[in-house]
Structures are given as C-alpha cells and as structure tokens.
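Chains, contacts and geometry: an overview
As a plain string of letters, each chain reads:
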Amino acid sequence: MLNFNTGGGSFTPYINYMASIQGWEMSGEDGKQNFTFKQAVFDLNSIQTGWQRWPEGGTPEWVMDESVEIPAPKPEGEGWKRGFKCRVFSKSMFGDEPVREWATAGTGATMGMAALYSAYIKDKQDGKLPVVEFQGGVGTKVGKGTTSVPTLAITKWIDTPEELSVVEEVSAVSSLPATQASDDGLGDSDEADEF
C-alpha cells in the first residue's frame with residue numbers, strides 16, 4: 001500500500017469539487033484555479049478509500065483502508081470523515097499535468113463518487129477505464145444542512161491511457177481484480193488523445 005502521508009516531498013497535482021459553487025478547481029503554478037470540467041478518464045480500478053481529517057491550518061491526514069471492501073477502523077480523535085483518492089486523466093483540461101488526484105472527504109463529492117462507482121462496478125470491462133462526464137451538481141439535503149452532489153456519468157469505456165497504466169504498474173494499490181493487459185493494444189489507443 002502506498003503511503004500518501006509523506007509530510008513533504010513531491011507535490012501531487014489535484015482537482016477538487018467545490019459543492020458551494022457546483023464547480024471545480026485544480027492546482028496550478030499560481031495556486032488554485034477554477035476550470036470547467038467536461039469529461040475525463042477516471043482510474044476507478046485503483047481508487048482508494050479511507051479516513052481523512054483536515055486539522056485547522058494543516059494538511060489533510062489519511063488512514064487508508066486495506067481495500068475498498070475492507071475499511072480501516074476509525075482512527076481515534078475528532079474530525080475523521082470517510083473519503084477517497086482517485087486518479088483522473090485529461091490532457092485537454094489538465095495540460096502539462098494530465099494525471100491528477102481527486103482526494104476528498106467532502107459529503108457531496110463522496111456521494112457523487114459512490115454513485116459513479118456503483119455504475120462502474122455494474123458495467124466494468126476488463127482492460128478498460130470509464131470516460132466520465134460531469135453533468136452538473138444537484139442540491140441535496142444532508143442531515144440539518146445541504147450540499148451539492150456532482151452528477152458523474154460514464155459515457156464510454158476506453159483502453160487504459162498509457163499515462164495511467166505506467167503509474168498503475170508501479171503502484172499496484174487496488175485489491176480489485178487486476179486489469180489484465182490484452183493483445184488489443186492496451187494503452188495504445190488514440191481514444192485517449194481526445195481527453
């Protein structure tokens with residue numbers, strides 16, 4: 001299992017769903033910047049789940065699950081919430097850093113990811129990853145408050161883009177059945193170029 005809590009070192013480019021404006025932001029050279037999320041490849045084969053807390057003035061702390069089926073015990077202390085980490089790929093939206101991490105414990109985001117993951121499991125295809133389209137946010141009542149849940153829809157399946165397959169081989173973090181390379185040119189598809 002990878003340890004994402006290094007306390008320093010290289011910076012991972014990220015994206016984040018902002019429920020308050022039903023929109024997206026990403027890291028950039030000049031800090032956070034808003035962007036229009038159209039569609040991207042989601043590496044749901046290697047999604048990770050776990051517990052996150054964000055101390056005031058600090059950086060997020062994570063305790064990752066053994067697998068998506070076997071949750072880690074809730075850590076002691078205040079502020080821990082369930083969350084996920086997922087790699088997302090798009091050359092057209094993310095430019096020079098086409099592989100980014102979406103890591104959050106935001107209520108709306110986790111609800112949106114749960115719905116997307118259910119659709120992914122239902123129609124999963126060996127050696128393929130889903131192309132996911134953002135179709136807007138839906139205001140949703142949660143407890144005594146409200147949030148916005150991103151609507152994320154699978155539009156098609158493509159061969160794993162080379163940029164994701166290289167990292168996947170190195171990380172091997174998922175307990176889901178491993179994506180098998182096939183003779184059909186896994187990772188060699190020109191379909192990834194449109195993202």
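To keep things clear, this report deals only with the structure shown in the data block. Bear in mind that the values here come from a model prediction, so they are computed numbers and not experimental data.

Focus: the pairing of strand β5 (residues 48-53)
- β5 sits mainly inside the fold: five of its six residues count as buried.
- Relative to strand β7 (residues 81-89), β5 runs antiparallel, the two being bridged by five bridges. Following the sheet pairing, Trp-51 is matched in β7 by Arg-82.
- Bridging between β5 and strand β6 (residues 61-64) involves four bridges; their strand directions are antiparallel. Pairing of Trp-51 across the sheet is with Val-63, part of β6.

Some points on unusual backbone geometry
- The residue Gln-22 is not glycine, and still its phi comes out positive at about 50 degrees.
- Structurally, Gln-22 is set in the loop between β1 (14-18) and β2 (23-28).
- Owing to a relative accessible area of 37%, Gln-22 belongs among the partly exposed residues under this scheme.

Conventions adopted
- In this numbering scheme, every chain counts its residues from 1 along its sequence in written order.
- Residues qualify for local features only when their pLDDT is at least 70, as the model is predicted, and side-chain atom pairs are given and counted only at 80 or more; totals for whole chains, interfaces and linings, by contrast, use all residues.
- Think of the side-chain values as coming from all heavy atoms in the structure, minus any hydrogens and water.
- Exposed residues in this analysis have more than 50% of their type's maximum accessible area, buried residues have under 20%, and partly exposed residues fall in between, with area computed by a 1.4 Å probe over protein chains only.
- Numbering of helices and strands starts at the N terminus; helices are DSSP runs of H or I of at least 4 residues and strands are runs of E of at least 2.
- Following DSSP output, two strands are said to pair if at least two bridges run between them.

Remember that the coordinates give geometry; whether it matters functionally is a separate question.
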